[in-house]
Amino acid sequence: MKCRRYIFPLIVAVVVAIFTLIDNQTGFKALSITGSSLLEMLSVIPPIFVLLGLLDVWVPREKIIKHLGEESGLKGVVLSFVLGAAAAGPLYGAFPIAAVFMKKGVKFSNVLIFIGAWSTTKIPMFMFEMGALGIEFALLRLAINVPGILVMALLLEKMTGKEQREAIYTQAAKLSE
Amino acid sequence: MYSIVIYIITGVLLLISLIASRKKTLLALKKAWKSFEKILPELIAIMLFVGLLIALLDPGTISALLGDNSGFLGLLIASVVGSITLIPGFVAFPMAAMLLNNGAGITQIALFISTLMMVGVVTFPVERKYFGTKLTVLRNSFAFGFSFLVAGLMGMILR
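Residues numbered from 1 in each chain as written. Chains lettered and ligands numbered in written order. Predicted model: local features only at pLDDT ≥ 70, side-chain atom pairs only at ≥ 80, totals over all residues. Heavy atoms only, no water.

Participant: Got a minute to help me understand the overall build of chain B in this structure?
Facilitator: When its secondary structure is counted, chain B shows 7 helices and 0 strands. Starting at the N terminus, the α and β elements of chain B follow one another as α-α-α-α-α-α-α. Over its C-alpha atoms chain B spans a radius of gyration of 19 Å, topping by over 25% the 15 Å that the globule rule assigns to 159 residues. Each principal axis of the C-alpha atoms in chain B carries an extent, and together these give about 55 × 45 × 30 Å. Taking all 159 residues of chain B together, 49% fall into the buried category. Counting contacts in chain B only where the partners sit at least 6 residues apart, residues at least 24 apart contribute 72% of the total. Accessible surface, chain B: about 7600 Å² in total, of which carbon and sulfur atoms supply 74%. Charge-centre separation for chain B: the mean point of 12 positive side chains lies 20 Å from the mean point of 5 negative side chains. (Helix = DSSP H or I, 4+ residues; strand = E, 2+ residues; numbered from the N terminus. Rg over C-alpha atoms; globule rule 2.2 N^0.38 Å. Buried < 20%, exposed > 50% of the residue type's maximum accessible area, 1.4 Å probe, protein only. Contact = heavy atoms within 4.5 Å. Areas by Shrake-Rupley, 256 points an atom, 1.4 Å probe, with all protein chains shown as cover. Lys, Arg positive; Asp, Glu negative; His and termini not counted. Charge placed at Lys NZ, Arg CZ, Asp CG, Glu CD.)

Participant: Hey, could you run me through the pattern of salt bridges in this one?
Facilitator: Two side chains carrying opposite charge are able to pair once their charged atoms lie near each other. One pass over the full model with this rule turns up 3 salt bridges over all chains. A salt bridge links Glu129(A) to Arg141(A), with the shortest nitrogen-to-oxygen separation between them at 2.7 Å. Here Glu129(A) is found in helix 7 (residues 123–133), whereas its partner Arg141(A) is found in helix 8 (residues 135–159), with 12 residues between them in sequence. Of the two residues, Glu129(A) and Arg141(A), both sit in the buried class. Among the salt bridges present, the one from Glu127(B) reaches Arg139(B), with a minimum N-O distance of 2.5 Å. (Salt bridge = Lys/Arg side-chain N within 4 Å of Asp/Glu carboxyl O.)

Written out as structure tokens, the structure is:
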């Protein structure tokens, strides 16, 4: 089972090998580009994944959710950002967690902030982005994204009627059972 | 420089964690390895693929497709590819760096990264299940529009 995941890279490797046979120069050029990029990445990756693991083990989600309800105000906003940013994994991994949040009575705009933060301001990703694309690129993107996520969350909350919101909460409770 | 700082921070935190709880630290390391191993196949495949792509397309072609002067076509390619594909960030950032070093423009790369992370066309059915059609359409449209704002600002400031 585990090996099956390596079929895809294997196929790509075979394609590269075929290109190399047809045209030596292109093939070697491709391999040297891939090799140097991989080495560069492998030098940045290990600490990021270790941090990710530590975060996962030491930050208890359950305790924080309690502080995200209707009256949570600014603290709720900040905590939602922190929870989303401390996440790992693709965006669709955030939806089931958001459903649990809603089931536990987290304010709707905070759920949307969490989704927004998860999508684009994840801490491990941010560190990785700095390594790959430079500190300026990563910091600037973060600086634009934080207010953007906030504004979009508030707009989306406003545009979602009360009835629809209740329907979403009911659905979320069902999905997270 | 960046690497050294990250390694030191991680080392210190790991040490603190180890002092606080040996068991939890081992668990964290196990999780770290697992999540790394999970992306490894895709990472290798995409790096090989992009390496080949860059070797085949000379920087001139890449810059014509995604460069600073690629105009509407460049923005279209970057935003559509970013919205549709599901590439993990750990793979997307090195890929973006490779393209950037070979002729792609900052605006186009920022647009690609931003749509990739915020807009999910393929995951639309999953999102709809949780948030309903209307909100899912709205969220993705906002994210799509916002990505252009991000890319435009970044292109202006970093150029």
